[in-house]
2 protein chains.
Amino acid sequence: MNTELRQPKKLKNGTLRVVPLGGLGEVGRNMTVYEINGKLLVVDCGVLFPEESQPGVDLILPDLHYIENRLQDIVAVVLTHGHEDHIGAVPYLLKRRPDIPLVGSQLTLALVEAKLAEHRIKPFTLTVKEGMVESFGPFECEFVAVNHSIPDALAVFIRTTAGNVLHTGDFKMDQLPLDGRITDLRHFARLGEEGVDLFLPDSTNAEVPGFTPTEKNIGKVLSNVFRDANQRIIVASFSSHVHRVQQVLDAAHERGRKVVLVGRSMVRNMTIAEKLGYLNVPDNTLVDLKKIDNYRPEELVLMCTGSQGEPMAALSRMANGDHKVQVEPGDTIVLASSLIPGNETSVFRVINGLLALGAEVIHKGNAKVHVSGHAAAGELLYCYNILKPKNVMPVHGEVRHLIANGELAQETGIPEENIILGTGGTVVDLYEGKAEIVGQVRCDYVYVDGRSVGQVSEDDLKDRLVLSEEGFISVVTVVDRQTKRVVSGPDIHARGVAENDSVFEDIAPKIVTALEDALHQGPSKTHTNHQLQQIVRRTIGSWVARRLRRKPMIIPVVIDTPTKNRD
Amino acid sequence: MNTELRQPKKLKNGTLRVVPLGGLGEVGRNMTVYEINGKLLVVDCGVLFPEESQPGVDLILPDLHYIENRLQDIVAVVLTHGHEDHIGAVPYLLKRRPDIPLVGSQLTLALVEAKLAEHRIKPFTLTVKEGMVESFGPFECEFVAVNHSIPDALAVFIRTTAGNVLHTGDFKMDQLPLDGRITDLRHFARLGEEGVDLFLPDSTNAEVPGFTPTEKNIGKVLSNVFRDANQRIIVASFSSHVHRVQQVLDAAHERGRKVVLVGRSMVRNMTIAEKLGYLNVPDNTLVDLKKIDNYRPEELVLMCTGSQGEPMAALSRMANGDHKVQVEPGDTIVLASSLIPGNETSVFRVINGLLALGAEVIHKGNAKVHVSGHAAAGELLYCYNILKPKNVMPVHGEVRHLIANGELAQETGIPEENIILGTGGTVVDLYEGKAEIVGQVRCDYVYVDGRSVGQVSEDDLKDRLVLSEEGFISVVTVVDRQTKRVVSGPDIHARGVAENDSVFEDIAPKIVTALEDALHQGPSKTHTNHQLQQIVRRTIGSWVARRLRRKPMIIPVVIDTPTKNRD
């Protein structure tokens, strides 16, 4: 995978250009730009969640540089489903051009509209559903039902004069889904007969052999857990997993328990899902969190967020004992969720905390309380065989997932040269049935931190990592350039360095000497304050490295004595 | 699990007291103190590796407060095996009293001596082996062979007038180990017949059903991988895993390849193991790293460290392309190691990097190239049944592991009240066959950072986390108390905040006003510099929170104009 930047040639009329701006080489910030005859179609616009090496970052966006001067040419943004990694960056795109039409299913649009309302944006939308065909400039889009861990997901088949593309979005092929809405293989078959020139399939589970089990299995496990529980039950899962919540509601109703939704996103999403008919709440089953004191523990199920060990979410706070819901010995906690790689430490910290409080904890490590939302290798093989695409570009996954998906394609008979392993910013052109990489454009991480978007740089993150590993020392000195003396300071303060400030008593006089030596050097060597600061930095830096074996960040401030300015 | 501090009653003569100072509620810093009739026996003295919430920390030690005034009473430190989490803190204990005798097997002592040599300590040692009985004051210790992921591991059976304790150390029950040295169940049976009053078993894999497969299986997998490879092979594993390295040597020898050991700890440990006869190097198989250019890629196997994605280890640097060994398309990389929870992100980063370079990567996710070193639930049941201990205190594991191990004990018929779930600092007394918790002593994390031991506090770590999430702003101002004016500054510098310093132009005049207002308040309100600094902190802090939606650390420095001091 070559990621050296290489500007593609100007796009000729009649050729389709495909540029993923995120989602390849990472799980998150999915966004793909299609271009033909001067018009752009965007599929998905999601966020990526930061890793521990990106401290303080709230979100990571797709890199919009590639389209920043082309916003007026966007004919539509198609959203395949309502997960954050597919819709989370829409507000940031619409802030730049609020009238870009959003196209998606009813639930997807309801979720993105709720998100946009928080940013005070009211979008132009077009609701579509499976089987519908809509044209957006030179793109004719046909929508196909796919099954995923959120209802109402769609794949999109894009017809252009250069060829046809099938973009799956996230999907799996549960043959017994809760809502009966399967990934429509008959539809796939028709599209396969028409001809798929380029196929962009979800790669998340391409390394996983076999088939993802049906969501329905979890209902039986929950039913057993609820039957055996004789105190409070707390279930944690993703706040958008309508079918998982449905099964919790059903299991609770079966045992005559009330369900309390806990966590802002859980309440918001389930309110939307219920209103639109995706969630079926049995009569009087839902109870407001404020009223839980009216019920005995054995009458309640709490359905909450925090299944990934997020420190501020309800479950973590319960595990730490700082939530209004106090976990008691004998309570049953179910983590009905995946364990996203990288979250192990925090999830097990929560599990250990709950166990130490005496609760029983059921999680995917000891019971079948989760199934994935993504097609495993066996399911992907079905897709390749029914679609028989000419070219394949695996998307939605780390390098290892993309490679594994490409290998599956090859096993079904697709020639290796027709399998495109790309990364963010890879430019692929499709013309007369041939897809090939023609360039590589910039696709950096765009960090959201507080109110700032794109202002946190890689250098800032390096600074933050140095600060977190080593802390910092600030050294403030006031010098008088007339007397060539240090007249105040050095005032030395350390934070995160784990030494008493008194340790610096040794080095203070050396800083004074170094500065005064410099000040006494003749006029030709007259030092600027910046140069004096460098002298302070070197003097204390080498002392700290030698004496304390540390390399904190050093912030030297040298100020000229104010009286000089007034003379 | 109650962790509130509760000083135990003074220990009566004839009662055995057991106090773990680490290793319970965590995987690492294993250390247990046994006391009877005024004398102490220590079993193991290891380190814990920090998590991401402990930035900048090198190691975490057991809390020695409990024994700090009792060092002269220690009759011996028994080391069960040579892993860091069992021997790594020995130098820090011996720095306080260098003549404490160390007792362990030949390999264990050789590894701890190499470590002590780096700290310039030459210890008093007593080499023991399985079957031997040695008395240390009131403790009679009998050593039992156990099998683990490092050779020459020992359990210790401790006879006292108060009862007998079996402390397993880490172990598993591979029935076909590479060196033929099994966990000696005949010996366990004899001890069971004599009577085990308290059993302290390894809990790491108590949650894992069934049996750990034999290490020998890996030899076959490696042999197949080596047969199919036609370029360079790179294997990464733990640097103390002598049997894993042995199997790599054997597979390499079988294919006529040379092996290069890469990484300081790998070279050091394998040199010791070979010298003592634990590692059998086939003739002329080992080649020095400096000479690899004399061999073609298909003639070489590199055996290196870095299997956990440690950023400075050989494998990570190869994946980043900044190691002298350049990974080429077609190379075969084998991660013959576990994936320790918490390391997923870094391990997969390395795997993705190697795949992107075109290498084939074999790891425990896609091939059977690792087996655990710890007994799974099935093996632990054998132990409970053959030993029939009166009391059990599970050790070596997080809360979830300890609880799972306790449940296994209960399933074999040990009454629940005889199963002790403790944590670091739990004080357990054994007298006349009855073990019970009698107190809870302090057992804090003791952080090693650079040259400092125990100086990094939880507050320092909080500071570091704030710095890493938010960065800091320093504000330096010089004031003249006679004119009641700010005569220089505010000089505002931010790091890690991701804003240009120019953003602060707005707030600078407000800081000046706030300070001068304070200075003008009458003599009764004369502010100290500290109070003025608080004013600066509040002024800029609320502005930053409102304007930038951030909460960086704020370091206000207010200096009196130096001329005043000279007046």
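Residues numbered from 1 in each chain as written. Chains lettered and ligands numbered in written order. Predicted model: local features only at pLDDT ≥ 70, side-chain atom pairs only at ≥ 80, totals over all residues. Heavy atoms only, no water.

Engineer: Would you mind going over the overall build of chain A with me for this structure?
Structural biologist: Across its full length, chain A carries 15 helices and 26 strands. Summarising its shape, the C-alpha atoms of chain A cover approximately 90 × 70 × 45 Å along the three principal directions. Sequence separation of at least 24 residues holds for 72% of the intrachain contacts in chain A that already meet a minimum separation of 6. With an accessible surface of roughly 23,200 Å², chain A has 48% of that area assigned to carbon and sulfur atoms. The average position of the 62 basic charges and that of the 72 acidic charges among the side chains of chain A differ by 4 Å. (Helix = DSSP H or I, 4+ residues; strand = E, 2+ residues; numbered from the N terminus. Contact = heavy atoms within 4.5 Å. Areas by Shrake-Rupley, 256 points an atom, 1.4 Å probe, with all protein chains shown as cover. Lys, Arg positive; Asp, Glu negative; His and termini not counted. Charge placed at Lys NZ, Arg CZ, Asp CG, Glu CD.)

Engineer: Looking at this structure, I do not really get the sheet that holds strand S1 (residues 16-22) of chain A. What am I missing?
Structural biologist: Sheet strands associate in pairs through backbone hydrogen bonding, adopting either a parallel or an antiparallel arrangement. Residues and elements named next belong to chain A. Taken together, the eight strands give an open sheet; going across it, the order is S7-S6-S5-S3-S2-S1-S20-S21, and neighbouring strands pair in mixed fashion. Each end of this open sheet is capped by a strand with a single partner; those strands are strand S7 (125-127) and strand S21 (434-440). Neighbour-to-neighbour, the strand axes of the sheet open up by a mean angle of 25°, direction not taken into account. Where strand S5 (residues 74-78) lies against strand S6 (residues 102-104), two bridges are found, and the strand directions are parallel. The residue bridging valine 78 from the neighbouring strand is valine 103, located in S6. Each of S6 and S7 is contacted by helix H3 (residues 106-118), which is oriented at about 140° to S6, the strand it contacts most. (Pairing = 2+ DSSP bridges. Axes fitted to C-alpha atoms, helices over the stretch in contact; angles between N-to-C directions.)

Engineer: For this particular structure, what's the right way to read the sheet that holds strand S22 (residues 446-449) of chain A?
Structural biologist: The antiparallel open sheet is built from three strands, whose spatial order is S4-S22-S23 (chain A). Strand pairing shows two members of the sheet lacking a second neighbour, strand S4 (59-61) and strand S23 (452-453) of chain A, which therefore form its edges.

Engineer: How should helix H10 (residues 377-387) of chain A be read in this particular structure?
Structural biologist: Every α-helical turn comprises 3.6 residues, leaving residues that sit three or four positions apart pointing alike. All names here are of chain A. Those residues of H10 that sit buried are Ala377, Gly378, Glu379, Leu380, Cys383, Tyr384 and Leu387. Buried residues along H10 sit in contact with strand S11 (163-167), helix H4 (185-194), strand S12 (198-200), strand S19 (391-392) and helix H11 (399-411). Among the residues trailing H10, lysine 388 stands out with phi positive, at a value near 45°. (Buried < 20%, exposed > 50% of the residue type's maximum accessible area, 1.4 Å probe, protein only.)

Engineer: What should I look at first to understand the packing of aromatic side chains in this one?
Structural biologist: To describe a pair of aromatic rings, one takes the distance between the centres and the angle between the planes. One pass over the structure, following the stated rule, counts nine aromatic pairs over all chains. A centroid spacing of 4.0 Å and a plane angle of 5° characterise the contact between Phe472(A) and Phe472(B), whose relative ring orientation is stacked. Of the two residues, Phe472(A) sits in strand S24 (residues 472-480) while Phe472(B) sits in strand S24 (residues 472-480), which places them in two different chains. Comparing Phe472(A) with Phe472(B) shows no difference in burial state: the two are buried. (Phe/Tyr/Trp six-rings, centres within 6.5 Å; stacked < 30°, edge-to-face > 60°.)

Engineer: Got a minute to help me understand the packing of H10(A) against H11(A) in this structure?
Structural biologist: Each pair of packed helices can be described by the angle between their axes along with the distance between the axes. Residues and elements named next belong to chain A. Put simply, H10 and H11 touch, their axes get as near as 9 Å, and they point 50° apart. The orientation of H10 relative to H11 falls into the category oblique. Here the hand of the crossing between H10 and H11 comes out right-handed. Here H10 contributes Ala377, Leu380, Leu381 and Tyr384 to the contact with H11, which in turn contributes Asn405, Leu408 and Ala409. (Parallel < 35°, antiparallel > 145°, perpendicular 65-115°, else oblique. Left-handed = near helix turned anticlockwise from the far one by under 90°.)

Engineer: Would you mind showing me how to read the interface of chain B and chain A here?
Structural biologist: Chain B puts 61 residues into the contact, and the matching count from chain A is 63 residues. In total, chain B and chain A occlude about 5,500 Å² of area from one another, counting both sides; carbon and sulfur atoms represent 54% of this. Contact with chain A buries surface across chain B, with Arg400(B), Arg451(B) and Arg495(B) losing the most and accounting together for 10% of the total. Our count for the chain B to chain A interface comes out at six salt bridges. Of the charged contacts in the structure, one is a salt bridge between Arg495(B) and Asp463(A), with a shortest N-O distance of 2.9 Å. Applying the counting criterion to the chain B and chain A interface returns 15 residue pairs in polar contact (both at pLDDT 80 or more). Those elements giving two or more residues to the side of chain B that touches chain A turn out to be helix H9 (344-356), helix H11 (399-411), helix H12 (458-470), S24, strand S25 (485-495), helix H14 (529-547), strand S26 (553-560) and helix H15 (562-566) of chain B. With eight residues, H9(B) is the largest single contributor of residues to the side of chain B that touches chain A. Residue classes in the side of chain B that touches chain A are distributed as 23 nonpolar, 16 polar and 22 charged. (Buried area = accessible area lost by both parts, 1.4 Å probe. Salt bridge = Lys/Arg side-chain N within 4 Å of Asp/Glu carboxyl O. Polar contact = N/O pair within 3.5 Å; in protein donor to acceptor, adjacent residues only side chain to side chain. Nonpolar A, V, L, I, M, F, W, Y, C, P; charged D, E, K, R; others polar.)

Engineer: Would you take a moment to explain the relation of the copies chain B and chain A for this structure?
Structural biologist: Least-squares fitting of chain B to chain A yields an RMSD of 0.1 Å, with the transformation described by 0.0 Å of translation along the axis and a rotation of 180°. Seen this way, the second copy is the image of the first under a two-fold rotation axis. The C-alpha atom lying nearest the rotation axis in chain B is that of Ser468(B); the distance is 2.4 Å. A share of 98% of the interface residues of chain B reappears at the interface of chain A, consistent with the copies meeting face to face through the same patch. (Least-squares fit on C-alpha atoms with pLDDT ≥ 70 in both.)

Engineer: Before we go on, may I ask you to explain the UniProt feature "binding site: Zn(2+)" (unreviewed entry) in chain A in this structure?
Structural biologist: All names here are of chain A. Following the UniProt record, one finds the feature "binding site: Zn(2+)" (unreviewed entry) at His81, His83, Asp85, His86, His148, Asp170 and His396. A compact arrangement is adopted by the annotated residues: their sequence extent is 316 residues, whereas the largest C-alpha distance between any two is 13.9 Å. Mapped onto the elements of the fold, histidine 86 is located in helix H1 (residues 84-87). With near-sequence residues (within four places) excluded, histidine 86 lies in contact with Asn30, Asp44, Cys45, Gly46, Leu79, Thr80, His81, Asp170 and His396. Side chain to side chain, histidine 86 and aspartate 44 meet in a polar contact 2.7 Å long. Inspection of the secondary structure assignment puts aspartate 170 in the loop between S11 and H4. Once residues lying within four places of it in the same chain are set aside, the contact partners of aspartate 170 are His81, Asp85, His86, Val146, His148, Asp202, His374 and His396. Reaching out from aspartate 170, the side chain makes a polar contact with the side chain of histidine 148 at a distance of 3.4 Å. (UniProt positions renumbered as here; feature names shortened; annotations may be inferred.)

Engineer: Looking at this model, I keep getting lost on helix H6 (residues 242-254) of chain B. Mind explaining?
Structural biologist: All names here are of chain B. For H6, with 13 residues, the first-to-last C-alpha span of 18 Å sits near the 18 Å given by 1.5 Å per residue. With 10 of 13 residues buried, H6 lies mostly within the body of the structure. By the burial criterion, the buried members of H6 are Val242, His243, Arg244, Val245, Gln246, Gln247, Val248, Leu249, Ala251 and Ala252. The inward-facing, buried residues of H6 contact helix H5 (216-228), strand S13 (233-236), strand S14 (258-262), helix H7 (264-275), strand S15 (286-287) and strand S16 (300-304). (Expected span 1.5 Å × (residues − 1).)

Engineer: What's the story with the pattern of salt bridges in this structure? I'm lost.
Structural biologist: Close approach of charged atoms allows side chains with opposite charge to pair. Counting across every chain of the model gives 54 salt bridges over all chains. For the salt bridge of Arg29(A) with Glu26(A), the shortest nitrogen-to-oxygen distance reads 2.8 Å. Relative accessible area serves as the criterion here: at 3%, Arg29(A) is assigned to the buried category. A salt bridge links Arg244(B) to Glu215(B); its shortest N-O distance comes to 2.7 Å. Of this pair, Arg244(B) sits in helix H6 while Glu215(B) sits in the loop between strand S12 (198-200) and H5; the two residues are 29 residues apart in sequence, bridging distant segments of the chain. Look at Arg244(B) and you get buried, because its relative accessible area is 0%. Under the relative-accessibility criterion, Glu215(B) is labelled buried at 4%. Each of Glu140(A), Glu142(A), Arg159(A) and Glu194(A) takes part in a single network of salt bridges with overlapping partners.

Engineer: Sorry, what's going on with the UniProt feature "active site" (unreviewed entry) in chain A here?
Structural biologist: Residue and element names in this part refer to chain A. Mapped onto this numbering, the UniProt entry annotates "active site" (unreviewed entry) at Asp202 and His374. In terms of the greatest pairwise C-alpha distance, the residues named above, spread along 173 residues, form a tight cluster of at most 7.5 Å across. Its location among the elements puts aspartate 202 in the loop between S12 and helix H5 (216-228). If sequence neighbours within four positions are ignored, aspartate 202 has contacts with Thr168, Gly169, Asp170, Phe171, His374, Leu380, Val395, His396 and Asn405. Tracing the sequence through the fold places histidine 374 in the loop between strand S18 (360-363) and H10.

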